[in-house]
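Understanding the architecture of this molecule
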Amino acid sequence: MGALLQDIRYGLRTLLKNPGVALLAVFALCLGIGANTAIFSIVNAVMLRPLPVEEPDQLVMLFESKPQAGITRAQVSYANYADWKRGSQSFESMAAFGAQSFNVTIGGEPERVPGARVTADFFQVTKARPALGSTFTAEASEAGSDRVVILSHAFWENRFNSDPQAVGKTLILDGGNHTIIGVMPKEFQFPSRRTALWAPLAAETSAAGTHYLNVIARLKPEATSAQAQAEMSAVAQRLSEQGDRAGWGVTLITLSDYSIGNIKSAFFILFAAVVFVLLIACANVVNLLLSRAAARQKEVAIRAAIGATRLRILRQLLTESMLLSLLGGGLGLALAFVGIELLLASLPGGVAIPNAEDIGIDAQVLVFTVVVSVVTGVLCGLAPAWRLSKTDLNETLKEVVRGSTGTLGGRRVRNVLMVSEVALALMLLISAGLMIKSFLMLQYVDPGFKADNVLTMEVSLPKAKYAEDYQVAAFYAQALERIAALPGVQAAGAVNNLPLSGETTNVVINIEGRPSQPNEDELYTGYRSVSPEYFGAMGVPVKAGRAFAQSDGAKAPGVAIINETMARRFWPGADPLGKRVKQGALESSEPWVTVVGVVGDVRHSAINQEPRAEMYLPYQQEPLRSMFVAVRTAADPQSIAPAVRGAILSVDKDQPISNLRSMEEVVSDANFGRRTTTVLLVIFAVVALVLTTVGIYGLLAYSVTQRKQEIGIRMALGAQAGDVLKMILKEGMFIVSVGIAIGLVLALVAGRLMSSMLYGVSATDPLTLVGLSLFLIFVALTACFIPARRATRLDPMQVLRYE
């Protein structure tokens with residue numbers, strides 16, 4: 001222990017004697033380790049933290065699928081769920097659930113609360129036991145016995161002040177009294193950490209039913225996911241021979257893959273980027289230490305001469321490297337803390353990142369930072385320490401006498417490291433450039449609506465109070481009329497799913513008089529229920545025919561409006577106006593509706609996804625209790641929010657609204673993930689560029705210092721300043737050119753890996769590849785020019801006299 005303390009004290013004195021080298025090394029490691037710590041803290045919380053259920057590895061999610069129609073993860077009807085449950089043998093248990101928000105009243109004003117409807121065996125599948133009370137029994141799934149509810153721990157704490165007597169009390173849920181039968185423990189937060197309560201999902205008896213459920217199942221200990229997938233595919237095959245299920249299959253994925261969703265690829269790219277930044281930082285530090293090692297050869301040789309063993313010297317030098325790394329890690333930890341706070345503060349309210357509340361500096365992140373710092377210290381110090389520990393006293397003194405320019409091996413190592421830095425920096429620059437160009441291309445995409453000056457909110461009517469369709473239609477008619485009459489309101493409309501909200505509804509349709517084609521798949525379209533003024537409120541243009549009118553009521557003939565994509569797909573080269581379609585099979589009881597208008601395409605799913613065929617129906621004929629209200633205003637939409645809320649309450653004083661946002665916020669939230677990934681990748685690329693530029697400058701500056709005697713002799717023999725400048729630039733740019741060539745190959749590989757995240761730009765976009773390569777060459781040339789220019793100003797007489 002005493003020897004270690006002595007090494008640390010000596011190492012600190014050595015670093016203080018060379019503050020420039022120490023500061024550069026600590027700065028580089030701070031950036032590299034700090035970036036890795038920040039990204040790891042996110043990955044740890046979102047991807048590595050155990051899911052809030054017991055034995056999550058045994059849980060899988062099941063979806064309906066129809067690959068030939070491009071459908072891989074469709075939600076499930078209750079009838080299909082029941083058939084799957086009866087036909088499966090690989091699962092201990094299976095349950096269905098659907099996310100749903102509720103209007104909840106607890107002794108005061110109602111509020112909108114996120115929750116879920118679940119089948120009775122939901123808690124059996126998840127192996128969740130209540131902290132208080134009990135979970136649902138089989139009877140809870142029967143109509144009339146479903147007036148019970150289970151609270152989350154957070155909701156129980158916040159709204160019932162952790163009252164242990166809350167079990168047995170009642171609350172008003174969607175207008176009806178429900179008895180609280182249980183409170184779940186704090187760690188159980190499924191299907192979402194925002195879930196405040198669970199209500200029973202009553203059994204349905206329809207043959208097909210609405211497809212709105214998620215199905216979760218627990219594998220038997222001896223069963224595997226592959227076995228379960230094969231079994232469910234066989235079950236789906238048997239069921240496909242019944243009714244309208246032809247061609248439908250089952251897709252099975254693990255719960256972890258379901259939870260992480262599409263963010264895995266973005267995190268992979270970011271984590272790879274910060275690892276490359278750390279490698280560049282390490283290469284910089286190794287070059288610094290190798291450069292410093294040449295100046296310390298005499299010191300090490302003398303220590304060896306007075307009895308220091310090679311192991312003792314190696315330990316001392318590694319201790320110094322570890323001090324640099326730990327200092328860089330400490331500062332990097334502080335940098336990561338600031339970065340994480342800034343990222344969390346920038347999270348918009350409409351974006352839900354899994355486990356976002358757990359992102360931060362915790363024990364696992366601290367351990368990661370320490371491990372990375374230690375490993376980095378060893379990697380950075382090993383090569384210089386090994387080279388110095390082999391120092392030969394006689395040779396070193398001879399080289400000092402004649403003025404050494406450093407060993408050939410040392411120069412080669414430094415050149416290889418510099419080539420690696422340039423290659424990695426170019427790869428990150430090109431990757432960031434592709435993401436920037438992709439993001440900019442998205443800004444020019446017409447979403448099909450005008451987001452400026454539009455206020456949106458969600459309204460969900462309780463079934464207990466609005467049981468009949470005419471009641472639902474009457475409420476929205478009155479609410480929209482009163483909102484439209486407010487000063488500053490230009491138009492007010494309603495829709496069941498907002499564009500870019502992430503929610504879509506698909507229906508099977510049939511077209512009157514259209515003969516079925518051989519091997520033709522079912523006809524699918526998107527479906528939306530809208531009010532007459534919706535298109536005006538959202539700025540969706542009517543291309544042909546007319547918009548809906550108030551006269552398109554429940555007793556009027558059925559009408560529909562389609563988008564341009566649906567018109568081109570089903571009536572290519574023909575006029576779709578006057579054509580008739582119906583939902584479901586030809587023999588279904590659904591009425592035929594006549595196409596009365598064609599509107600512009602709207603990108604409902606995502607900005608980067610092409611519009612799909614869409615059909616709009618008037619809400620008076622397709623009344624839905626949950627709708628989004630869109631209000632176009634003449635000024636700032638938030639300024640009119642209180643008046644809009646008041647207009648809704650004037651129709652029903654007990655009706656809450658939720659998700660109050662401007663449409664511009666909706667669009668921004670939809671782009672948040674792509675925008676954040678792009679910004680972070682750009683930051684890491686800039687850091688890599690700075691480190692590489694400093695590295696090139698440092699390498700050539702050190703080379704010029706070590707080669708003063710050679711340069712002095714050349715100039716004394718007649719070499720001109722231009723010759724010296726050309727020689728130094730040639731040396732530096734040769735290293736850069738090799739790095740550029742390797743970096744282009746790496747960039748092509750990286751571009752293919754991230755191609756799924758690009759829009760409107762190829763992974764091999766020549767403008768990006770060539771432009772950023774030239775930019776890096778220019779930056780590198782500037783970094784080379786400064787030490788090269790300094791070399792031309794050397795006075796040969798002074799250099800030779802000194803030597």
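Scroll up to find the structure.
As a starting point, this report considers the structure included with it. (Residues numbered from 1 in each chain as written. Predicted model: local features only at pLDDT ≥ 70, side-chain atom pairs only at ≥ 80, totals over all residues. Heavy atoms only, no water.)

Turning to the overall build of the protein, a few remarks are in order. If you tally the helices and strands in the protein, you get 23 helices and 22 strands. Put simply, of all contacts in the protein between residues at least 6 apart along the chain, 82% involve residues at least 24 apart. Summed over its atoms, the accessible surface of the protein is roughly 36,600 Å², and 59% of this surface lies on carbon and sulfur atoms. (Helix = DSSP H or I, 4+ residues; strand = E, 2+ residues; numbered from the N terminus. Contact = heavy atoms within 4.5 Å. Areas by Shrake-Rupley, 256 points an atom, 1.4 Å probe, with all protein chains shown as cover.)

Here we take up the pattern of salt bridges. Tallied over the entire structure, the rule returns 16 salt bridges. A salt bridge links Arg159 to Glu111, with the shortest nitrogen-to-oxygen separation between them at 1.6 Å. Placement of Arg159 in helix α5 (residues 153-160) and of Glu111 in strand β4 (residues 111-118) is noted, with a sequence separation of 48 residues between them. Judged by relative accessible area, which is 27%, Glu111 ranks as partly exposed. We note a salt bridge from Arg528 to Glu614, for which the minimum N-O separation is 3.4 Å. A residue pair is termed long-range when its members are at least 10 positions apart, and Arg528 in strand β15 (residues 523-530) and Glu614 in strand β20 (residues 614-618) qualify at 86 residues. On the basis of relative accessibility, which here comes to 0%, the residue Arg528 falls in the buried class. (Salt bridge = Lys/Arg side-chain N within 4 Å of Asp/Glu carboxyl O. Buried < 20%, exposed > 50% of the residue type's maximum accessible area, 1.4 Å probe, protein only.)

Turning to the environment of Glu187, a few remarks are in order. By the secondary structure assignment, Glu187 is in the loop between β8 (176-183) and β9 (197-200). What makes Glu187 exposed here is its relative accessible area of 57%. A sequence separation of 59 residues divides Glu187 from Ala128, and the C-alpha atoms of the two residues are 9.6 Å apart.

Time to look at unusual backbone geometry. Looking along the chain, the bond that leaves Phe190 and enters Pro191 is cis, with omega of 10°. Tracing the chain through its elements places Pro191 in the loop between β8 and β9. At Asn453, a residue that is not glycine, the phi angle is positive and equals roughly 55°. Mapped onto the elements of the fold, Asn453 is located in the loop between α13 (408-443) and β12 (454-460). With relative accessibility at 27%, the residue Asn453 sits in the partly exposed group. Backbone geometry places Asn659, a non-glycine residue, at a positive phi of 55°. The topology assignment puts Asn659 in strand β22 (residues 657-662). Classification of Asn659 as partly exposed rests on a relative accessible area of 40%.

To continue, consider the environment of Leu523. You can see Leu523 is positioned in strand β15. With a relative accessible area of 10%, Leu523 lands in the buried category. It is 8.8 Å that separates the C-alpha atoms of Leu523 and Ile511, two residues lying 12 residues apart in sequence. If we skip the residues at most four places from it in the chain, Leu523 touches Val507, Val508, Ile509, Ile511, Arg514 and Phe570.

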